[in-house]
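Geometric and topological summary
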Amino acid sequence: MSNPRVEEIVQRTGLTRKSGETVRQYLRRIGDEHGIEDEKVEEMISRVAKVFDPQAEWTPADEEALTQFIDAIETERVADTPNSKSSDTRSLPQIANTGRTATDDSLTQRSDSITEGANRTQWFNRERLQWPDSVWLREYERIEIIDYGIIAALIALGLYVFVYNIGAEPLTRWDESIYANVARNMVTNGDWLIPHLYIHPQKPGIRYQPFLEKPPLVFWLQGISMSVFGVTRFAARLPVGLFGVLSGVVVYRFGAVLRDRLAGVVATTILFTTPIVVVKGHGGRTASTDVPLLFFGTLFLYLTWRALTEDRPSLLPYVGVAAGLALLTKSFNAGIFVIASAPLALSRIKMFLSLEGAKMVGLTIAVVLPWPVYAWIQHGDDFLYQIFLQQVLQRATGESFATSSRTLFEFMRYPYFAEFPAFFDPWTYLLLPAAAGTVLSGKRSDRTSGPLLLIWWATTTLGFFAVTGNHSWYIISMFVPCALLIGLAVSDAASGSVLSGAGLGIGLVTLLAMTGVSVIGLILSIGLTTVVCFPYYADSADPERTTGSRQIKRVTVALLVSVLLIATVVGTPPAGNSQPQFTETEQLGQTASKVTPPDATIAITPAVGKVWRFTFFADRHYEGVPPTELADQPGGTYVLAPNETLERSGRKYTVLDATTGMRLVRLDARSKRQRTYRHPRVTRHRALTG
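The sections below set out a description of the structure shown in this document.

Details of the overall build of the protein
- For the protein, the helix and strand inventory stands at 33 helices and seven strands.
- Evaluated residue by residue, the protein yields a buried proportion of 52% over its 690 residues.
- Taken as a whole, the protein presents about 30,800 Å² of accessible surface, with 61% of it coming from carbon and sulfur.

This is the structure in structure tokens:
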């Protein structure tokens, strides 16, 4: 006997369930075809799905959910009627509250207004115009008007945090200055396909040589930036800073999909105020590769989540592109995101055994493979040695770096646990109680699957690098799920979850008890309390307002609190000083670029150490000269050497610039006496044989 409820859904929608189509896929297709808001569909889908299960226990609440689902479909069908514009006699507020308004049929079949949850704009009617089922058009339709305002506000905050006055601070001695030099050599020497350096961090000697330790994607972007803005610290850091901003946008969308807009705004605010993501080590205000990897890896997991949980295999090719770009950013380090997605992928492995899954693999290979194949053809074993042996095996086994004495366990080579509070300050104390409250308060599997994925992502990242890592920035990607977990807890508490609210309260009390009453602690406590409690105050003050108005007000308050928190927690360090600051080495490089000819070669003695900050500012040729041979160099040679080395050489020179430890000089012509003095054995031999 047929189910009358199922027949009613088919009659109202005009869509029948396809062969092999799951109930969730069928209901999701109904929502897509009739423009029902994603959040509303996901909210009702678990109960509406019971219609198709004759053994399921049916409750009045389920009946109400089915009625709301059918009413939403009916509302959409009325709005789609061509003469609905003339026949609809409702007032404008009534139209807004039902979620639809009619438009001119010559341009579009339907358009949504600001409503309780359906603000999507659908510019084309696929049934009439045969518009292709574009993934990006569908994604555009899911982003409502309010989202554009939120994203614009978050981008503005991100630009302050990551980009404002980004060129003020000096280059850091190691990785940042290395990568900046690689990009500069692409621009000045034309070495775009194979990165090059004069001073290789893993090879002795000073000579122009390939730098194959990292894939070139970030270097390419930095080189393009330098081509536009000039060879400056700002240009070297700008692409990485923009990736930091874009990471915030992806985190916002991730939080909105996992829970709601409030969760996304809170999570992005936390990301923008996490020290290791912004300023420490390889943060977004440095010319390093870790924040770009953070962006592509987060995008990969976001798209994977959407594809697998929403039964949208059409997203898999874009998952492949994100995976390829992550690999082209930092090679094997991108594998941690595959580990993070493994449980979700294995639970829906059949989706990957499809044409879209094959496209995903093919696009990943197409993005990644060309450059390493070219590099291997050009440099063979040297390429494999640098990118695999040095960067993977030697680091993982600890051969390249010493073990820290402050590690919690003997097998660890970096004190991740000891440094974690500083990496995630001031959010560290909220993390565990917030995560526990969020998981325990989830009564349905769709409410807990997201938090469980985030917990898996964070713990596997920390666990993997606790065994194999030796630098702080290796775990930078775990702070995205940490931020999202707290964001979900704040959203759940604001929606009435006692457990999430209790978890946040315990975290705030712990923060104040452990760090004392500080300005940051007070602002954080007051800000989160305001965000959580505002919905209850607003409900009592205006119980008749629409859901759309409620969401706008909640998110507006959250954004205002975000501005206050970023101004307090981040403060002035991102803005830097009013005037750019330069190290002594950078000042020597600036002098060299002014006083030496463009085609000059500067001799550098190995005792100077790694002088990438100097070479970044001085676009010259370089060669290494041992200290014992310095006196034999011809007159007019430009030399960068320590003061002691120059004094011991016995050679006369003209000082062009000097610091406390080294000098940039031009050697004077050698006298006959100096030549004889420097080579007494050679002189005596010539006298005896002459």
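Considering the sheet that holds strand S3 (residues 601-604)
- Read from one edge of the open sheet, five strands run S4-S3-S5-S7-S6, paired in mixed fashion. The outermost strands of the open sheet, each flanked by one partner alone, are strand S4 (621-624) and strand S6 (653-658). Direction aside, neighbouring strands of the sheet carry axes that sit 30° apart on average.
- Bridging between S3 and S4 involves four bridges; their strand directions are parallel. Each residue of the ladder has a partner; that of Ile602, found in S4, is Tyr622.
- Its contacts with the sheet put helix H29 (residues 584-595) on S3, strand S5 (638-642), S6 and strand S7 (662-667), and the angle it makes with S6 is roughly 125°.

Details of the side chain of Thr596
- Tracing the backbone through its elements, the reader meets Thr596 in the loop between H29 and S3.
- Of note is the side chain of Thr596, whose polar atom sits 2.4 Å from the backbone oxygen of Ala592.
- A polar contact is formed between the side chain of Thr596 and the side chain of Arg620, at a distance of 2.8 Å.
- In contact with Thr596, not counting residues within four places along its chain, are Arg620 and Tyr638.

Remarks on the pattern of salt bridges
- Taken as a whole and assessed by the stated rule, the structure comprises twelve salt bridges.
- Note that Asp147 is salt-bridged to Arg261, the shortest N-O span being 3.2 Å. Here Asp147, found in helix H9 (residues 145-162), pairs with Arg261, found in helix H13 (residues 261-272); they are 114 residues apart in sequence, far enough to count as distant.
- A salt bridge links Lys330 to Asp290; its shortest N-O distance comes to 2.5 Å.

Points about helix H23 (residues 428-441)
- With 14 residues, H23 should reach 20 Å at 1.5 Å per residue; the first-to-last C-alpha distance of 21 Å fits that figure.
- Turning to H23, its buried residues are Thr428, Leu430, Leu431, Pro433, Ala434, Ala435, Gly437, Thr438 and Ser441.

Let's talk about the pairing of S3
- Running through helix H30 (residues 612-617), the crossover from S3 to the neighbouring parallel element S4 is right-handed.
- Pairing between S3 and S5: three bridges, direction parallel. Paired with Ala603 across the two strands is Val639, which belongs to S5.

Let's talk about helix H26 (residues 498-515)
- With 18 residues, H26 should cover 26 Å at 1.5 Å per step; its first-to-last C-alpha distance of 26 Å lies within 8% of that length.
- Three or more residues of H26 are buried, namely Ser500, Gly503, Leu504, Gly507, Leu508 and Leu511. Down the axis of H26, the buried side of the element spans an arc of 130°, and every buried residue falls inside it. Residues of H26 that are exposed and point more than 90 degrees away from the buried face comprise Val498, Ile506, Val509 and Ala513.
- By the N-cap criterion, in which a side-chain oxygen at the helix start approaches the backbone nitrogen of a residue two or three places on, H26 is capped by Ser497, the distance to Ser500 being 3.2 Å.
- Gly516 lies just past H26 and shows a positive phi near 85°.

Quick notes on the nonpolar core
- In terms of nonpolar packing, the biggest core is built from 117 residues, with Phe424, Trp427, Phe479 and Ile486 touching the most fellow members.
- Residues within four places of Trp427 in sequence aside, it is in contact with Ile270, Thr273, Ile486, Leu524, Leu528 and Leu565.

Calculation rules
Residues numbered from 1 in each chain as written. Predicted model: local features only at pLDDT ≥ 70, side-chain atom pairs only at ≥ 80, totals over all residues. Heavy atoms only, no water. Helix = DSSP H or I, 4+ residues; strand = E, 2+ residues; numbered from the N terminus. Buried < 20%, exposed > 50% of the residue type's maximum accessible area, 1.4 Å probe, protein only. Areas by Shrake-Rupley, 256 points an atom, 1.4 Å probe, with all protein chains shown as cover. Pairing = 2+ DSSP bridges. Axes fitted to C-alpha atoms, helices over the stretch in contact; angles between N-to-C directions. Contact = heavy atoms within 4.5 Å. Polar contact = N/O pair within 3.5 Å; in protein donor to acceptor, adjacent residues only side chain to side chain. Salt bridge = Lys/Arg side-chain N within 4 Å of Asp/Glu carboxyl O. Expected span 1.5 Å × (residues − 1). Right-handed = clockwise from strand over helix to strand, strands pointing away. Arc of directions from axis to C-beta. Core = buried A, V, L, I, M, F, W, Y, C linked by side-chain atoms within 4.5 Å.

Honestly, it's all geometry; don't read function into it.
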